[in-house]
Amino acid sequence: QQVLPQYLHNKLQSEDLIEPQSSALAKLCAYCIFATSISSGSSNSKSLKRSRHQMEAEDLEELCPASKILRLDSSSSPDAALMFLTSGNKESSSPPLQEPLSSALKEVFKALSVIAERTAHVSQQTHFVFRLLEYIVRCGKDRARPVLQGMPNTLVPCLVRALPDLFTTDLILRLYDISTKNGRFATARDLCLLRNMKMRNST
């Protein structure tokens, strides 16, 4: 529980947060976040999923008996039959975070924001904060959205100012939920900031 705060805030241990250890720790943290998210989500919805699958099987049998399914399979292409049988079983790939993970992530992001706001002093801790966000996006993909929802609005802009050369347009687009108004606003803000920072550094 205290490993990450020690590396981020303890001066005696913060000097050890160098590459490749920094990236390895960031990747490990990202894996732990998603492993916890998947584990808690599956345990809470296990019984619900089982009952839903049973109901879907019963409804399918009533609406389309086995003989009709066989005729569909024989008269249509295998891909069409497969799509018919599996189209109703798609589930959301981004379930909401459960407690205590949600509250723990909020505290982690607060600590990361304190480090990122020290734009005048770019340290190994600053690089670690960037790597953690990068690995959350790379490892989590669609599952990264609920994880990043508790991220403070100032975190990414501070990192862009401190480490503009490490950011890409694709990364910024993946850090926010652009299906929401706030997400689109934050994305546009950070993209403009990144462009301005790179133009300033190139002159």
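Residues numbered from 1 in each chain as written. Predicted model: local features only at pLDDT ≥ 70, side-chain atom pairs only at ≥ 80, totals over all residues. Heavy atoms only, no water.

Student: Please clarify how the overall build of the chain should be interpreted in this entry.
Tutor: What the chain contains, in helices and strands, is 11 helices and 0 strands. Order of helices (α) and strands (β) in the chain, N terminus to C terminus: α-α-α-α-α-α-α-α-α-α-α. For the chain, the residues scored as buried account for 33% of the 203 residues in total. Counting only carbon and sulfur atoms, one obtains 56% of the accessible surface of the chain, whose full area is about 12900 Å². (Helix = DSSP H or I, 4+ residues; strand = E, 2+ residues; numbered from the N terminus. Buried < 20%, exposed > 50% of the residue type's maximum accessible area, 1.4 Å probe, protein only. Areas by Shrake-Rupley, 256 points an atom, 1.4 Å probe, with all protein chains shown as cover.)

Student: What should I look at first to understand the packing of aromatic side chains in this one?
Tutor: Geometrically, a pair of aromatic rings is defined through the distance of the ring centres and the angle of the planes. As enumerated under the stated definition, the model contains 1 aromatic pair in all. On the basis of an interplanar angle of 70 degrees and a centroid distance of 5.0 Å, the ring pair of phenylalanine 130 and phenylalanine 167 is categorised as edge-to-face. Taken together, the positions of phenylalanine 130 in helix α7 (residues 124–140) and phenylalanine 167 in the loop between α9 (155–162) and α10 (169–175) put the pair 37 residues apart, joining distant regions of the chain. The burial state of phenylalanine 130 is the same as that of phenylalanine 167; both residues are buried. (Phe/Tyr/Trp six-rings, centres within 6.5 Å; stacked < 30°, edge-to-face > 60°.)

Student: Help me understand unusual backbone geometry in this model?
Tutor: Negative phi is the rule for most residues except glycine; trans is the rule for most peptide bonds. Between glutamate 19 and proline 20 the backbone carries a cis peptide bond, its omega angle lying at 5 degrees. With respect to the secondary-structure elements, proline 20 resides in the loop between α2 (11–14) and α3 (21–63).

Student: Sorry, what's going on with the layout of surface pockets here?
Tutor: Picture a little ball the size of a water molecule; that probe, rolled over the atoms, points out where space is still empty. Approximately 340 Å³ is the volume attributed to the second largest pocket. Along the walls of the second largest pocket sit 15 residues, with Gln149, Tyr176, Asp177, Asn182 and Gly183 positioned nearest its centre. When residues of the lining of the second largest pocket are traced back to their parent elements, those giving at least two are α8 (144–148), α10 and α11 (181–202). A per-class count over the lining of the second largest pocket returns 6 nonpolar, 5 polar and 4 charged. (1 Å grid on protein atoms, 1.4 Å probe; cavity = no way out; pocket = protein on both sides within 12 Å on 5 of 7 lines; lining within 4 Å. Points joined across faces, edges and corners; volume = space filled by probe spheres on them. Nonpolar A, V, L, I, M, F, W, Y, C, P; charged D, E, K, R; others polar.)

Student: Is there a simple way to explain the side chain of serine 22 in this structure?
Tutor: By the secondary structure assignment, serine 22 is in helix α3. Take serine 22: its relative accessible area is 0%, and that puts it in the buried class. With sequence-adjacent residues up to four places away left out, serine 22 is seen in contact with Leu17, Gln124 and Phe128. (Contact = heavy atoms within 4.5 Å.)

Student: Can you walk me through the pattern of salt bridges in this structure?
Tutor: Pairing of side chains with opposite charge becomes possible as their charged atoms draw close. Applying the stated criterion across every chain, the model contains 5 salt bridges. Put simply, arginine 145 and aspartate 177 hold a salt bridge, and the shortest N to O gap is 3.3 Å. Of this pair, arginine 145 sits in helix α8 while aspartate 177 sits in the loop between α10 and α11, and the two are 32 residues apart along the sequence. Residue arginine 174 pairs with aspartate 170 through a salt bridge whose shortest N-O separation is 3.0 Å. (Salt bridge = Lys/Arg side-chain N within 4 Å of Asp/Glu carboxyl O.)

Student: Would you take a moment to explain the nonpolar core for this structure?
Tutor: In a soluble, globular protein the nonpolar side chains are often hidden away together inside. Ranked by internal contacts, the top residues of the largest apolar core, which has 44 residues, are Phe128, Leu133, Ile136, Leu148, Leu155, Phe167 and Leu175. When contributions to this core are tallied by element, the ones reaching two or more residues are α1 (3–9), α3, α6 (101–116), α7, α8, α9, α10 and α11. Among the elements that take part in this core, α7 stands out by supplying 8 residues, more than any other. If we skip the residues at most four places from it in the chain, leucine 148 touches Phe109, Leu133, Ile136, Val137, Arg174 and Leu175. (Core = buried A, V, L, I, M, F, W, Y, C linked by side-chain atoms within 4.5 Å.)

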